Amino acid sequence: MATFLYKLGRLAFRRRHFVALLWVALLTLAGVGAASAPPAGNSSFSIPGTEAQKAFDLLEQRFPGQSADGATARVVFKAPSGEKMTDAGHKATVEKTVHELSDGSEVASVADPYQGNAVSKDGTIAYASVRYDVSGMELEESTKEALEDAAQQARDAGLTVEIGGDALQAVPETGATEVIGIAVAAVVLVITFGSLVAAGLPLLTALIGVGIGVSTITALASALELGSTTSILAMMIGLAVGIDYALFIVSRYRAELAEGREREEAAGRAVGTAGSAVVFAGLTVVIALVGLAVVNIPMLTKMGVAAAGTVAIAVLIALTMIPALLGYAGRRVKPAGAKSKLLGGGRAAKNQDGRPAKANMGTRWASFVVRRPVAVLLLGVLGLGAAAIPAASLELGLPDDGSQPTSTTQRRAYDLLSEGFGAGFNGPLMVVVDAKGSDAPKDVFTDVSDGIEGLDGVVAVTPPAPNKAGDTATITVIPDSKPSSVQTEDLVHAIRDAGGDIKADTGAETLVTGSTAMNIDVSQKLNDALLPYLVLVVGLAFLLLIVVFRSILVPLKAALGFLLSVMAALGAVVAVFQWGWLSGLMGVEETGPVMSMMPIFMVGVVFGLAMDYEVFLVTRMREAYVHGEKPNQAIVTGFKHGARVVTAAAVIMMAVFAGFIGSSESMVKMIGFGLAIAVFFDAFVVRMAIVPAVLALLGKRAWWLPKWLDRALPNVDVEGEGLRTAGDAGRGSDPDEDRVPART
C-alpha cells in the first residue's frame, strides 16, 4: 500500500499539469451536468415492509387519479376578536379565496370549509384543504405565488390567514454560519501551517471535491429522486473530511521536508505514509455510510451513498491533487517549524541531530498521560458517562410543522388548527379498509368505523369513503393528542390490534397510514435496525483496523471509545433539542422528540469520523513502535508528530459541522450540532486522553496479534516500512540518519 501510494504521489507531483487539468475537467463536467439537469422532485419517503407503506401502495392501486403523493395545503382562517367565520362578510371572503384557488392549473381539488364541516365549534377558525397534482418540490413558482396571493387578499379583508402543509415547502437554507465555519477552518489552517499557501491547499481541494460531489448529486437528483437534504449532508461531511485528509498529507509533507528530503521525494513519502492512513480512514467512513442501507429506508440509503461518494472523492483528491498542488507551490510551502513567530511560535532551537530541543505541547501532554494513565482514564470515562446521562430520556419522532420556527406560516397554521380543532387535528390517521375478499364490504366498513370510534384517545371519525368498486374505503381518524405524542402512537397500535380481530372474523384487512403513522413506523424500523447496523459496521471496521494496526486490542479499544463518544453526543442532543438546554443559543425555537433517524445516522457518521482520528494518531504510534521504540515512548512520539495536526483537524471538522446549525431545516440543524459535539468528545476526550491512557496501561500487549493471524493477514504497510527500507535516494542529508530497526 505505502509503496504504491508513494509512487502515485511522486507521479502526481511530476505530472501536476495533467492531474490539475483532470480534476478541473471533472468539476466542470459535474457543474455543467448540474446546471442542465431538470429540477429535483421531492425525495421519496417510502418505508418498504411497513403497514403504513402497504396502505399507501393500496391507495395508489384502488384510488387511481387522486394524486396520493401530491402536495397539500391547508389555508387556515381566523376571524377577528368577537367575530365568527360564519358571519356573512367573512364567509364571502373565504368562498372567494376558495374560488381563486380552484383556478390553478396544478390544483387537483379544493374543499370548501362550509361544505366540508371544517369550521371550529366556536366558529372562530376555519380551513380550506387544497390538493395538488404534483409534489411540493415540483410545484411551479406561479402556483405557490397564487396560493400566497389568495391568502393575502383574505388578510386584506380583515382575517388572520396562515398556510400549512407541504405546498410551500422550500429548499432548506444553511445560513451564514456555514461560511463562518469555513472561515474558522481557514484560520486554524493558517495557524497550523504558518503559511497562507499551505493553508489554502486543503481548503481548495476540499471545495473542489465537494463541488464535484454536490454537483453530481444535483445532476442525478431528478433521476434518482434525491432530496435537497441529501446534497446538504454530502456537503457537510465532504467539507469536513476533505479538509482533514488534505491537512494530514500536507503536514506530513512539511515534516519530510524538515528532515532534508527533496520536494518530490517528500511528496511521495507523504502520500505513502499519511496517504495510507487517509485511505483506511476514508474506507471506515464509506463503510459506515453505505451501511445505512441495512435500515432499508430508501431516503436514508440515498443520503448515505451520496455522502460516501463525496468522501471517496475527497480521498482521491487528497492522494493526487494535493501532491500536484504542492508541486505548483514549490518553496512557498516551507518545512515544519519554518514559520513566523506570530503564527507558529518561531523556529525551535535544534540539537545536533536536527530535532527540536524543547518538547511541544503534544509531547508534554502524552508524557503526562503515560505517567498518570489510571487518573486520566477514570476522568475521561466518568466525564463522558455524565454527558451521556440525558440519553436515557431519549424520545424519538420525526419533525412536523409543529417543530418549525414560530416565524413561519406553517407553524402558525399548525397552532391555529390546534387551537380550533384540537392538538390531534394536525396529525390525522388514515385507516384503509380492504374488504375485497368480504361478502358484505359496506357492513365491514361500518363495523371498522364503529370500532375505532369506541377506542380511547379518538376525537372524531369520518364516515367511510369507498372507492368506485366499493371494495376499499378510507376512514379519517382524529386523535385527541398531538402527532408526536406517545398517546397517538398507542392509538395507532390499538387500531391495528382491532384490525387483526376484524380480519380474523371477516377476512377484511385494516391498515393505518398517513404522515403520523408513517413517522411511527419509521421510528420503529430505525430502532429495529440499530443493533444489526452496529454489528455490521463496527464488525467490518474492526476487521479493517486489525489489518491496519495488526493488533486485536487496539481496534477493540477504538470501538469501545466510539461507543462512549456517541452516547455522550446523544446525551448532548437530548439536553439541547429535547430538554431545551442552551436552545436559544442554538436557535432551537421548539423542543420536542429527537429526530428518529438521529441515533442510527450519528452511529454511522460518527463511527467513520472517529476512526479517522484513531487511524491518524495511532498509526504514528504504531510506526514508532515498529521501528524500535518502547511502547510508552511510541505513544509520546505519536503525539509529538500527530497531536497538533489531529487537534487542528478536529477543530476544523467541528467548525464545519457547527456551521450547519444555522440551517432552516431542523434535521440538518440537529445533525450539525450532534456531529460537532461528537467530534469534540471523540477527538479531545477519547482519542487524546482515553486512548493513550489505555495504551500506556496495556504496554506491549496492545500490539499483540496471534502468530497464525499475523501470517494470514495481508501486509498493507500503513506505517511505511517499505519506504524506509527502500532507501533515501531523495534525501538531501545523511541517509544513515533515518535508518531504524525493521519490523520482525
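Quick notes on the overall build of the chain
Part 1: The number of helices and strands found in the chain is 24 helices and eleven strands.
Part 2: A burial count over the chain gives 54% of its 744 residues as buried.
Part 3: Residue pairs in contact within the chain that sit at least 24 positions apart in sequence constitute 79% of those at least 6 positions apart.
Part 4: Per element, the accessible surface of the chain, about 31000 Å² overall, is 59% carbon and sulfur.

Description of helix α12 (residues 361-371)
Part 1: Among the residues making up α12, those that are buried are Gly362, Thr363, Ala366, Val369 and Val370. In an axial view of α12, the angular spread of the buried residues amounts to 130°, which keeps them on one side of the axis. Seen from the buried face of α12, the exposed residues on the opposite side, beyond 90 degrees, are Met361 and Arg371.
Part 2: Residues of α12 that are buried in the fold lie against α13 (373-388), α21 (631-658) and α22 (666-698).

Re the sheet that holds strand β2 (residues 107-111)
Part 1: Here four strands make up an open sheet; going across it, the order is β2-β3-β1-β4 and the pairing antiparallel. The open sheet terminates on both sides in strands that have one partner only, identified here as β2 and β4 (160-165). Adjacent strand axes in the sheet meet at a mean angle of 20° when their direction is disregarded.
Part 2: Strands β1 (72-78), β3 (125-132) and β4 of the sheet are contacted by helix α14 (residues 409-421), whose axis makes an angle of about 105° with β4.

A short note on the pattern of salt bridges
Part 1: Applying the stated criterion across every chain, the model contains 18 salt bridges.
Part 2: As a salt-bridge pair, Arg496 and Glu51 come within 3.0 Å of each other at their nearest N and O atoms. Separated by 445 residues along the polypeptide, Arg496 in helix α16 (residues 486-506) and Glu51 in helix α3 (residues 51-62) bring together distant segments of the chain.
Part 3: When the shortest N-O distance is used, the salt bridge between Glu614 and Lys557 registers 2.4 Å. With Glu614 in helix α20 (residues 598-626) and Lys557 in helix α18 (residues 553-578), this residue pair connects regions lying 57 residues apart in the sequence.

Digging into a nonpolar patch on the surface
Part 1: A contiguous nonpolar surface patch, about 410 Å² in accessible area, is contributed by Phe18, Leu22, Leu26 and Leu29.
Part 2: You can see Leu22 is positioned in helix α2 (residues 16-36).

Some thoughts on the packing of α3 against helix α17 (residues 515-549)
Part 1: The contact between α3 and α17 brings their axes to 8 Å, and the two run at 140°. It follows that α3 is oblique to α17 by the angle criterion. Along the contact surface, α3 presents Glu51, Ala52 and Gln53, while α17 presents Ala517, Met518 and Asp521.
Part 2: Residues of the contact of α3 with α17, tallied by class, amount to three nonpolar, one polar and two charged.

What about unusual backbone geometry?
Across the chain, the bulk of peptide bonds are trans and the bulk of non-glycine residues have phi less than zero.
Part 1: With a phi angle near 65°, Asn296 is a residue other than glycine that sits in the positive phi range.
Part 2: The exposure class assigned to Asn296 is partly exposed, which follows from its relative accessible area of 39%.
Part 3: Residues other than glycine seldom take positive phi values, yet Arg550 does so here, at roughly 50°.
Part 4: In this fold, Arg550 is placed in the loop between α17 and α18.

Notes on the side chain of Ser231
Part 1: As for its placement among the helices and strands, Ser231 is situated in helix α8 (residues 228-258).
Part 2: Other than its neighbours up to four places away in sequence, Ser231 contacts Val214 and Ile217.

Quick word on the pairing of β3
Part 1: In terms of residue burial, β3 counts as a mostly covered element, since six of its eight residues are buried.
Part 2: Two elements, β1 and β3, share seven bridges in a ladder whose sense is antiparallel. Its bridge partner being in β3, Lys78 is matched across the sheet by Ile125.
Part 3: Direction of pairing for β2 relative to β3: antiparallel, over a ladder of four bridges. Counted as the bridge partner of Ala111 is Ser129 from β3.

A closer look at the nonpolar core
Part 1: Counting 165 residues, the largest nonpolar core has Tyr245, Leu300 and Phe657 as the members making the most contacts within it.
Part 2: Take this core: its biggest share by element is 19 residues, from α22.
Part 3: Excluding residues within four positions of it along the chain, Tyr245 makes contact with Val278, Ala281, Gly282, Val285, Val311, Ala314, Val315, Ala318, Asp612 and Phe616.
Part 4: Core analysis: the next-biggest nonpolar cluster, separate from the first, contains 26 residues, Val75, Ala128, Leu139 and Val161 among them.

Considerations on the packing of aromatic side chains
Part 1: Scanning the entire structure with this criterion turns up nine aromatic pairs.
Part 2: Taken together through their ring pairs, the aromatic side chains of Tyr127, Phe421 and Phe425 make up a single cluster.
Part 3: Taking NZ or CZ as reference, Arg16 lies 5.3 Å from the ring centre of Phe13, over its face.
Part 4: The cationic tip of Arg16 hangs over the ring face of Tyr328; the distance from NZ or CZ to the ring centre is 6.0 Å.

Notes on the side chain of Arg263
Part 1: Looking at the element boundaries, Arg263 is found in helix α9 (residues 263-290).
Part 2: Despite its burial, Arg263 pairs with no opposite charge; the closest candidate is Glu262, at 7.0 Å N-O.

Points about a negative patch on the surface
Part 1: Taken together, the side chains of Glu141, Glu145, Glu148 and Asp149 define an acidic patch exposed on the protein surface.
Part 2: Following the sequence through the fold, Glu145 ends up in helix α5 (residues 141-156).
Part 3: Since its relative accessible area comes to 44%, Glu145 is described here as partly exposed.

A look at the packing of α16 against α17
Part 1: α17 packs onto α16 with a crossing angle of 95° between their chain directions and a minimal axis gap of 10 Å. For the element pair α16 / α17, the angle class is roughly perpendicular. Facing α16, whose interface residues are Thr488, Glu489, Val492, His493 and Arg496, α17 presents Thr516, Ala517, Ile520 and Asp521.
Part 2: A per-class count over the contact of α16 with α17 returns three nonpolar, three polar and three charged.

Concerning α9
Part 1: For α9, the principal kink sits at Gly275 and spans about 40°.
Part 2: In terms of burial, α9 is largely enclosed, as 23 of its 28 residues are buried.

Here we look at the confidence of the model for the chain
Part 1: Of all residues in the chain, 88% attain a pLDDT of 70 or more, and the chain-wide mean is 82.
Part 2: The secondary-structure element of the chain with the lowest mean pLDDT is helix α11 (residues 341-344), recorded at 42, while α13 shows the highest, at 94.
Part 3: Here residues 340-353 is modelled with pLDDT under 50, and outside its nearest four sequence neighbours on either side it reaches 23 contacts, counting other chains as well.
Part 4: For residues 726-744, every residue scores under 50 in pLDDT, and the model assigns this stretch 34 contacts once sequence neighbours within four places are set aside.

Remarks on the environment of Val716
Part 1: Among the structural elements, Val716 can be located in the loop between α23 (707-712) and α24 (721-725).
Part 2: Accessibility expressed as a relative area gives 14% for Val716, which makes it buried.
Part 3: Here the alpha-carbon distance between Val716 and Arg550, two residues 166 residues apart in the chain, equals 9.7 Å.

Reading guide: rules and limits
Residues numbered from 1 in each chain as written. Predicted model: local features only at pLDDT ≥ 70, side-chain atom pairs only at ≥ 80, totals over all residues. Heavy atoms only, no water. Helix = DSSP H or I, 4+ residues; strand = E, 2+ residues; numbered from the N terminus. Buried < 20%, exposed > 50% of the residue type's maximum accessible area, 1.4 Å probe, protein only. Contact = heavy atoms within 4.5 Å. Areas by Shrake-Rupley, 256 points an atom, 1.4 Å probe, with all protein chains shown as cover. Arc of directions from axis to C-beta. Pairing = 2+ DSSP bridges. Axes fitted to C-alpha atoms, helices over the stretch in contact; angles between N-to-C directions. Salt bridge = Lys/Arg side-chain N within 4 Å of Asp/Glu carboxyl O. Patch = residues over 30% accessible without salt bridge, like charges linked within 9 Å, V, L, I, M, F, W, Y side chains within 5 Å. Parallel < 35°, antiparallel > 145°, perpendicular 65-115°, else oblique. Nonpolar A, V, L, I, M, F, W, Y, C, P; charged D, E, K, R; others polar. Core = buried A, V, L, I, M, F, W, Y, C linked by side-chain atoms within 4.5 Å. Phe/Tyr/Trp six-rings, centres within 6.5 Å; stacked < 30°, edge-to-face > 60°. Lys NZ or Arg CZ within 6 Å of the ring centre and 35° of its normal. Lys, Arg positive; Asp, Glu negative; His and termini not counted. Charge placed at Lys NZ, Arg CZ, Asp CG, Glu CD. Bend = angle between axes of the 7 residues up to and from the residue. pLDDT = per-residue confidence, 0-100.

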